[in-house]
Amino acid sequence: MASIREYVDVIRSKNAGPYAITFDLIFKDEAAYRKVKEADLINKKMITKLYGIKAEDVISVIDFKPAHAIKFTIRRPLSAGAVGERDVYGAQQHAPLLTLEL
Amino acid sequence: MREIKILSPTAILGYGFPEESFAKGLAKKPDAIAVDAGSTDPGPYYLGAGISFTDKEAVKRDLKIMIKAGKEHNIPVLVGTAGGSGANSHLDWTVEIVREIAAETGLILQTVVIQAELAKAEVEEKFNQGKLKPLAPAEELTKDQLSDTTNIVAQMGVEPIIKALEEEPDLILAGRAYDPVVFAAPAIKAGLPAGLALHMGKILECASIAADPGSGSDCMFGTLRDDHFILEPLNNKRRCTVTSVAAHTLYEKADPYHLHGPGGVINLTNSAFEELDERRVKVSGSKFVADEIYTLKLEGARRVGYRTISIAGTRDAIMIDQIDEIIDEVRKMVNDNFTELNDDSYQLLFRIYGKDGVMGALEPVQEVTSHELGIIIEVVADTQQLANTICSFARSSMLHYGYPGRVATAGNLAFPYSPSDFKAGEVYEFSLHHLLEVDDPVAYFPMQIVNIGAKRSDD
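Residues numbered from 1 in each chain as written. Chains lettered and ligands numbered in written order. Predicted model: local features only at pLDDT ≥ 70, side-chain atom pairs only at ≥ 80, totals over all residues. Heavy atoms only, no water.

Here's the deal with the sheet that holds strand 7 (residues 171–174) of chain B
All names here are of chain B.
- The mixed open sheet is built from 10 strands, whose spatial order is 12-13-9-8-1-2-3-7-4-19. Sheet topology places strand 12 (272–275) and strand 19 (447–452) at the edges, where each strand pairs with a single neighbour. Going across the sheet, the axis of each strand differs from the next one's by a mean of 20°, ignoring polarity.
- Inspection of the sheet shows strand 9 (residues 229–233) paired to strand 13 (residues 281–284) by three bridges, in the antiparallel sense. The residue of strand 13 that forms the bridge with Phe229 is Val283. (Pairing = 2+ DSSP bridges. Helix = DSSP H or I, 4+ residues; strand = E, 2+ residues; numbered from the N terminus. Axes fitted to C-alpha atoms, helices over the stretch in contact; angles between N-to-C directions.)

Spelled out as structure tokens, the structure:
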């Protein structure tokens, strides 16, 4: 087992508008990207389990080869800045992804 | 070959830029200097309250350098989403800054001011006619929520900016605008392809964030031709690489291949990124696909109350073990003490840092392992007075509550500040994130030509 951290340059989360948070995993190179793709590490099921959300709240999972990246987007539990909301920019919701192993 | 060159000094007007980078950009003889001045990222407060999230002096510093350079080189300066959110109060704030700059420099600035705020009555009429559609995942709004919404803006497309450029002004101050349009308008006006122009704008609006190392406070230069554009960071310490530019294409958007904006989609399915040399990247193949019906995105925020918070911490292991039960008990005490209040007149929240303060419902770690917890007691109520009252009562109740097994009987909370409670004022939530179909992409954006710095006729 190897930590995902060995394969990535970037793991980040950020608002994609006030109602969604998008997560980017940008891999170190083509080989690292392919390895993670072959292991099918990033998929809807993993996302729902890791974040405790319903499948319909995962808006998309998209490969972006020009940056050897995988990104996924989820519906925010609350819109950015709403009462009870916790992360206005959505920039600290990536953290559980750092625990993934390949 | 036709060519349009754009200098983007900074990612947000007021975030600053090195004058050396800016001077290098000017030496390349740009056709325009453009900047994005806003974002919804800082949250609903700024749009709702009509206040800028950027600092006035910082905005003035950036804008003064840009305006002086624009005048000197006889090229227009374009500002999109003026004042952070682009409602009329944000525009007025920016115009005031420009007046000060004109007075200090002695410049006379022919300025086109483009409004982007919609009258609420008009939006309510469209709402009643069923013409507003929530942009998923935003939800349908109610009549009351719309009625509580203070400022409503529409994101303008490239068309109002092109119309403003026809006046050959020194300065364009646009209200809420789709981020790329102030960068794309000069090129589209010159007849260059919209897909490439808007894609270039999408990257330039973040200035050097797309470079390596990235920075939102440094300049980027874009050169657009008939079939490609070239990006070049203006600080020698930075370079654009295929990875840095492609990675930026992912940033802040759900689908990196299809970027929806006013009137259509920038399609990047066939975009190609190529390293021209050590520091420059060439992009080609991006296409604009116009929608059959032109839609504008409306944004609005509504006031939901007033906030008071109290910040504290606990280091007591006996208390930490029972933190959830203690919070439940404090809630009960507040409820019992204010039985005459309507349930919906206030909301009481406890944010526990060291447990799930950052992620809440999304937090996978359920066990508290920290030796201390940060606690924010928060109340949002119908009035500031009520928020103060409930927060004060919840704070004193939590401070002295005799939880089971307590040995530290002098007090349960460590307060870093006196006073311990902070009035945070008005609280807003986003309410409108809706599409409106329009016949004319310019009609909702009235423009006014003003000579700023000129002697007034009535003087």
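A few points about the interface of chain A and chain B
- Contact residues are listed per partner, giving 41 residues for chain A and 40 residues for chain B.
- For the pair chain A and chain B, the number of links is three salt bridges.
- For Asp41 of chain B, the salt bridge is made with Lys14 of chain A, and the minimal N-O distance between the two is 2.8 Å.
- Viewed at the interface, chain B and chain A are joined by 15 residue pairs in polar contact (both at pLDDT 80 or more).
- Of all the elements in the fold, those that place two or more residues in the side of chain A that touches chain B are strand 1 (8–15), strand 2 (20–27), helix 2 (44–51), strand 3 (58–64) and strand 4 (69–75) of chain A.
- Within the side of chain A that touches chain B, the residues separate by chemical class into 22 nonpolar, nine polar and 10 charged. (Contact = heavy atoms within 4.5 Å. Salt bridge = Lys/Arg side-chain N within 4 Å of Asp/Glu carboxyl O. Polar contact = N/O pair within 3.5 Å; in protein donor to acceptor, adjacent residues only side chain to side chain. Nonpolar A, V, L, I, M, F, W, Y, C, P; charged D, E, K, R; others polar.)

Here's the deal with the pairing of strand 8 (residues 220–224) of chain B
Residues and elements named next belong to chain B.
- In terms of burial, strand 8 is a largely internal element, five of the five residues being buried.
- Both faces of strand 8 are covered, namely the face carrying Met220, Gly222 and Leu224 and the face carrying Phe221 and Thr223.
- Bridge count for strand 1 (residues 4–8) against strand 8 is five bridges, and the pairing is antiparallel. Note that in strand 8 the partner of Leu7 across the bridge is Phe221.
- Examined bridge by bridge, strand 8 and strand 9 share five bridges and lie antiparallel to one another. Within the sheet, the bridge partner assigned to Phe221 lies in strand 9 and is Glu232.
- In sequence, strand 8 turns back onto strand 9 through a hairpin of four residues. (Buried < 20%, exposed > 50% of the residue type's maximum accessible area, 1.4 Å probe, protein only.)

A word on the packing of aromatic side chains
Residue and element names in this part refer to chain B.
- In this structure the tally under the stated criterion is 10 aromatic pairs over all chains.
- Each ring, one from Tyr46 and one from Phe53, has its centre 5.9 Å from the other, and the planes form 70°; the classification is edge-to-face.
- Ring plane angle 90° and centroid distance 5.6 Å describe the contact between Tyr417 and Phe422, whose orientation is recorded as edge-to-face.
- Ring pairs connect the aromatic residues Tyr45, Tyr46, Phe53 and Tyr428, which therefore count as one cluster.
- Here the basic side chain of Lys28 rests over the ring of Phe221, its NZ or CZ set 5.8 Å away from the ring centre. (Phe/Tyr/Trp six-rings, centres within 6.5 Å; stacked < 30°, edge-to-face > 60°. Lys NZ or Arg CZ within 6 Å of the ring centre and 35° of its normal.)

Some words on the sheet that holds strand 4 of chain A
Residues and elements named next belong to chain A.
- Strand order in the open sheet made by the four strands is 1-2-4-3, with antiparallel pairing throughout. The sheet terminates laterally at strand 1 and strand 3, the two strands that pair on one side only. Recorded for the sheet is a direction-independent mean angle of 10° between the axes of neighbouring strands.
- Of the strand pairs in this sheet, strand 1 and strand 2 are connected by seven bridges, and their pairing is antiparallel. Bridge pairing in strand 2 places Arg12 opposite Asp24.
- Of the strands in this sheet, strand 2, strand 3 and strand 4 touch helix 1 (residues 30–38), which is tilted by about 50° from strand 4.
- Sheet contacts for helix 2: strand 2, strand 3 and strand 4; angle to strand 3, the most-contacted strand, approximately 130°.

Concerning the pattern of salt bridges
Residues and elements named next belong to chain B.
- Tallied over the entire structure, the rule returns 32 salt bridges over all chains.
- With a shortest N-O distance of 3.1 Å, Asp170 and Lys71 are connected by a salt bridge. With Asp170 in the loop between helix 7 (158–165) and strand 7 and Lys71 in helix 3 (residues 56–73), the pair connects residues that are 99 residues apart, well separated along the chain.
- For Lys71, a relative accessible area of 31% gives the class partly exposed.
- Among the salt bridges present, the one from Arg395 reaches Asp421, with a minimum N-O distance of 2.8 Å. Note that Arg395 is positioned in helix 13 (residues 384–400) and Asp421 in strand 18 (residues 421–437), a separation of 26 residues in sequence.
- Several salt bridges share partner residues, and in doing so they unite Lys56, Lys60, Lys64, Glu100 and Glu104 into one network.

Details of the side chain of Lys253 of chain B
- As for its position among the elements, Lys253 of chain B is in the loop between helix 10 (242–250) and strand 10 (258–261).
- An unpaired buried charge is present at Lys253 of chain B: no salt bridge exists, and Glu252 of chain B, the closest side chain of opposite charge, is 5.9 Å distant.
- With sequence-adjacent residues up to four places away left out, Lys253 of chain B is seen in contact with Ala16, Thr22 and Lys71 of chain A together with Lys202, His248 and Leu259 of chain B. (Lys, Arg positive; Asp, Glu negative; His and termini not counted.)

Points about the domain arrangement of chain B
Residues and elements named next belong to chain B.
- The domain boundaries assigned to chain B delineate domain 1 (3–116 + 155–294 + 438–452) and domain 2 (303–430).
- Taking the mean C-alpha position of each, domain 1 and domain 2 sit 43 Å from one another.
- The interface of domain 1 with domain 2 comprises six residues on the first partner and four residues on the second.
- Summed over both sides, the interface between domain 1 and domain 2 buries roughly 470 Å², with carbon and sulfur atoms accounting for 80% of that surface.
- Looking at the side of domain 1 facing domain 2, the largest losses of area belong to Pro44, Tyr45 and Gly48, adding up to 71% of the total buried there.
- There are zero salt bridges connecting domain 1 and domain 2.
- Applying the counting rule to domain 1 against domain 2 returns zero residue pairs in polar contact (both at pLDDT 80 or more).
- For the side of domain 1 that touches domain 2, a count of residues per class yields three nonpolar, three polar and no charged. (Domains from an automatic or database assignment. Buried area = accessible area lost by both parts, 1.4 Å probe.)

Details of helix 12 (residues 323–337) of chain B
All names here are of chain B.
- Look at helix 12: 21 Å from first C-alpha to last across 15 residues, which is about the 21 Å you get at 1.5 Å a residue.
- Those residues of helix 12 that fall on the buried side of the exposure criterion are Ile323, Ile326, Ile327, Val330 and Val334. Taken down its axis, helix 12 places every buried residue within 100° of arc, on the same side. Turned more than 90 degrees away from the buried face of helix 12, the exposed residues are Glu325 and Asp336.
- Structurally, helix 12 contributes buried residues whose contacts are with helix 11 (317–321), strand 16 (346–353), strand 17 (373–381) and helix 13. (Expected span 1.5 Å × (residues − 1). Arc of directions from axis to C-beta.)

Let's talk about the nonpolar core
All names here are of chain B.
- Judged by nonpolar contacts, the single largest core of 63 residues is most densely connected at Ile114, Ile161 and Leu231.
- Looking at this core element by element, the count peaks at seven residues for helix 8 (residues 181–189).
- Among the nonpolar cores identified, the runner-up in size contains 32 residues, and Leu13, Ile65, Ile67 and Val113 belong to it. (Core = buried A, V, L, I, M, F, W, Y, C linked by side-chain atoms within 4.5 Å.)

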